[in-house]
Each structure stands twice: as C-alpha cells, then as structure tokens.
Amino acid sequence: MNDTPGWASPGSAPSDGQDATVPGPAAPADDTASKWSASQPPAGQWSAPSTPATGPGAPPRPAPGWGNAGPGGGPGGGWGKPPAAKPGVIPLRPLSVGEILDGAVSTMRTHWRTVLSVSLVVAVISQIGEILVQRYLIPQPAAIDPNATASEVLRQTAESTQSSLLAQAPSLIITIIGTIFVTAVLTVVISRSVLGRPVTLSEAWNEARPRLLQLLGLTLLVPLISVVLITVGILPGLLVGSAGGAVLALLGAMAAVVAIIWLMVRLSLASPALMLERQGVLTALRRSAKLVSGSWWRIFGIQSLTVLLVMFISLVIALPFSVIAMAVDGSVLDGLLSGDAPDFGWPFLIITGIGAVIATTITYPISAGVSVLLYVDQRIRREALDLELARAAGVSGDGTPRG
C-alpha cells in the first residue's frame, strides 16, 4: 500500500481468492491457559451503577471519549465502541446511503476549485458541440405521407431516426471524451478526499493521465456489450418475421434489457477499480463483478437513487432556463402550438445551453463521487480497506493521530 490512490495491488484482496494483505484482527494466541484471577465478582455485579458514586473509595469513571455506551455501542453500562476515524469526507467504516451521498457532496464542497473547474470546462465544450449539432447537422423530421402503408411509414421513420443518430455522432464523441476526462480526474480527487488530503488540478491530471486509454476502452466496451445483448435478443424475432416474429422480438428485447441492467450494475465499479488499483480493462471488469457479488440489490438501489437525484437537480435547474428561452425565442413556442416541428433559433439554444452547463457542472461530481465511494464502501465491507486507509491517513482506528 502506498499513499497514492492505488490503495491495493491487484489480486491482493480476499475477494480475489488469494491471501489477504490487508491487516485484520489478530489471531488468538495458542496459549489457552486462563489469564483471569481465581477470585471473581458475583454474577451481575460488573456493570456501573446508574448514578456514579463520589468521594473517597469510589470506583474510577470511564475515560473521556468512551461514553456510557453498552456492549455493541448501545446505551447502558459498560465500555462502548470508539467512533470511526474520519480523516476526510467519509468515516472509515461501512457507509450508509446518506453517508455516500454526503461524501460526494462534501468532496465537491471541499475541493470546489478542482472539481467544478473540471466539470465546467467539460460541460461547456460538450454543450457547444451539442448546440452546433442541433443547429446545423440534425435534419428536419421527414413529413410522413398520411396515405402511405404501414410498412412505408416504418421505413420512413427508420430512415429519419438513422440520419438523426448519424448527425449526432460528433456530439456523442465529444461527450464520451469529456466523460472519460471528468471520470478520471474526479476519481483521483475523490480518492484523495477520503484521506483528507488536498489535491490540485495538475496533480489530479498527472495521476489520471496514464489510465485514460484503458478507461476509454472500458467506456466503449460496456455499451458494446449492451448492443450485442440487444441484437441477440431481437434477432430471432426478426428472422421469423410476421406477427409472431414481432412478438418474439419484443419478448427478446425485454429479456435483453433486464440482462443489460443486471450487467451494468455488476460492472458499475469497474472504472474506480481500473483507476485506483491500476488494473487492465478485463481485470477491472472481473474485479467489479467480485465486489458487487452479494450486494447487487443494494448497489442497484443506491445507483437508482443517484440517477433520480441527478435527474431532479437537472430538471430544477434546466426548467427555468427553458421557460426563459421560449419566452425570448417565440418561434419555438409558435411551432409547438401549431403542431409543426419547432425551429430552434440561436437564442433558444444558447439560453437552454447555459442551463444545461450549470446542471452538468453540478451533477457530474455527484455521479462520479457516488461511484467511487460505493467502490470504497464495498472494499471496506469485504476487505477491511478502512484499516489501510487509516494507516495511509496517519490516524488510528478511533481517529486520533498516530504517534
């Protein structure tokens, strides 16, 4: 283990089926001889009284900081469990959903110069590309002949959709590159924030740059797997043809969507594993599958909640800008009221683009933060990573500095 974001060597964790290198609880000694005194107090007399006695001869009180917690940290007499160390944005113990979301927001608040500058630059570049595509490349929707047959309508719709997708290819490429850049840099920033260490944009970039090609391969491979699953699902129905083939294709598509959702959750921790453990693409995919194993529903729930939260934030920010844009550019509203295809002018595109930039700048760090902290949480739960992180941060298990 070192102090850089690569917290563990590939294959060193218990989930990899090898000997653990992460410190764990000490094994009991072989000497089974009793270390207790032969004279023991009567049963039920070990707990402290509810009202501590004072004066000469009174028993000493517990040391400050331990509290009046009972066994397991609950209320009552006895010794309590000390609080977990928190050198950075999260406590070094298994995390709750609220702590994961709070850690993502705290990272953005603590390192706002680095986080927001990266997100803002990528959001502006991506939005400029999308505006130019919408203005110049996306064709107007083709008019459908009302007298055309059903097969002709389907053909025209497919051609229009294909041309629109091809026109959006440049914007999609820009978005993918921007997402890779943001994911790489923010992963480094968040990993440092867990240890409570500052990081500049140049330091994060130098740390992330060697992994960009592998991250690009991972980013392209996962959607490619989804396309293959969809193709396999609908292909039998397309080969059969007729009404029965359409039903078979629909059922195959539904089964493929379920399989894609299951696979996306299972591989959702591959990016942090690739960046922080410096592994290859395929090794990172296998690593993610092992970390998610047994916790699929929990991770699915947290990621679904994050998606809903990001959508809500984006909607709250973008909606006022959309209303202002339609008020400024009356041609869009006239087109919507008349039922014709709206003509998006420069005022509408620029104003809505500003709203999209603000929303993306805020939601990028939240999404990246949840993904990285989920990875950290799973390794804490399965591999006692909290002990390694505490050692790297220079604190003991209860948060006090090491001597």
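Structure shown above.
Residues numbered from 1 in each chain as written. Predicted model: local features only at pLDDT ≥ 70, side-chain atom pairs only at ≥ 80, totals over all residues. Heavy atoms only, no water.

## A look at the environment of leucine 267
Heads up, the rule is: What counts as a helix is a DSSP run of H or I of at least four residues, what counts as a strand is a run of E of at least two, and both are numbered from the N terminus. Throughout, a residue-residue contact means that at least one pair of heavy atoms, one from each residue, lies within 4.5 Å.
Tracing the backbone shows leucine 267 in the loop between α7 (242–266) and α8 (270–277). When the C-alpha positions of leucine 267 and alanine 284 are compared, they lie 8.6 Å apart, and in sequence the two are 17 residues distant. Once you skip the residues sitting within four places of it in the chain, leucine 267 turns out to touch Leu285 and Ser288.

## A look at the packing of aromatic side chains
Test applied: Stacked, tilted and edge-to-face are the three classes applied to pairs of Phe, Tyr and Trp rings, where Trp contributes its six-membered ring and a pair requires centres within 6.5 Å; stacked means planes under 30 degrees apart, edge-to-face means over 60, and tilted covers the rest.
Per the counting criterion, the structure on display carries four aromatic pairs. With centroids separated by 4.8 Å and ring planes inclined at 85 degrees, the aromatic side chains of tryptophan 296 and tryptophan 297 adopt a geometry described as edge-to-face. Aromatic rings pair up to connect Trp296, Trp297 and Phe300 into one cluster.

## Considering α8
Spelled out, the test is: Burial classification: accessible surface area is computed with a 1.4 Å probe over protein chains only, and a residue below 20% of its type maximum counts as buried, one above 50% as exposed, and the rest as partly exposed.
In terms of burial, α8 is largely enclosed, as seven of its eight residues are buried. Turning to α8, its buried residues are Ala270, Pro272, Ala273, Leu274, Met275, Leu276 and Glu277. Looking at the buried positions of α8, the neighbouring elements they touch are α4 (169–194), α5 (201–208), α6 (212–240), α9 (281–292) and α12 (346–383). Positive phi shows up at arginine 278, right after α8, with a value of about 55 degrees.

## Observations concerning the packing of helix α1 (residues 97–110) against α12
Filter applied, for reference: Each axis is a line fitted through C-alpha atoms, and for a helix only the stretch in contact is used; angles between axes span 0 to 180 degrees, taken between their N-to-C directions. Throughout this description, any angle smaller than 35 degrees is read as roughly parallel, any larger than 145 degrees as roughly antiparallel, any in the 65 to 115 degree range as roughly perpendicular, and the remainder as oblique. Note on convention: the crossing is left-handed when the near helix lies turned anticlockwise from the far helix by less than a right angle, right-handed when the turn is clockwise. For this classification, Asp, Glu, Lys and Arg are treated as charged, while Ala, Val, Leu, Ile, Met, Phe, Trp, Tyr, Cys and Pro are nonpolar and the rest, including Gly, are polar.
The interhelical angle for the contact between α1 and α12, taken along N-to-C directions, is 130 degrees, at an axis separation of 8 Å. Judged by the angle between their axes, α1 and α12 are oblique. Handedness of the crossing formed by α1 with α12: right-handed. Packed against α1, whose contacting residues are Ile100, Leu101, Gly103, Ala104 and Met108, the element α12 presents Ile362, Pro365, Ile366, Gly369, Val370, Leu373, Leu374 and Asp377 at the interface. Residues that form the contact of α1 with α12 fall into these classes: ten nonpolar, two polar and one charged.

## With respect to the nonpolar core
Rule in force here: In this description, a nonpolar core means a group of buried Ala, Val, Leu, Ile, Met, Phe, Trp, Tyr and Cys residues linked to one another through side-chain atoms lying within 4.5 Å.
Ranked by size, the top nonpolar core spans 64 residues in total, and within it Leu218 and Val376 carry the most contacts. For this core, the element with the most residues is α12, which contributes eleven residues. Counting five residues, the second largest nonpolar core, distinct from the first, contains Ile131, Phe348, Leu349 and Ile351.

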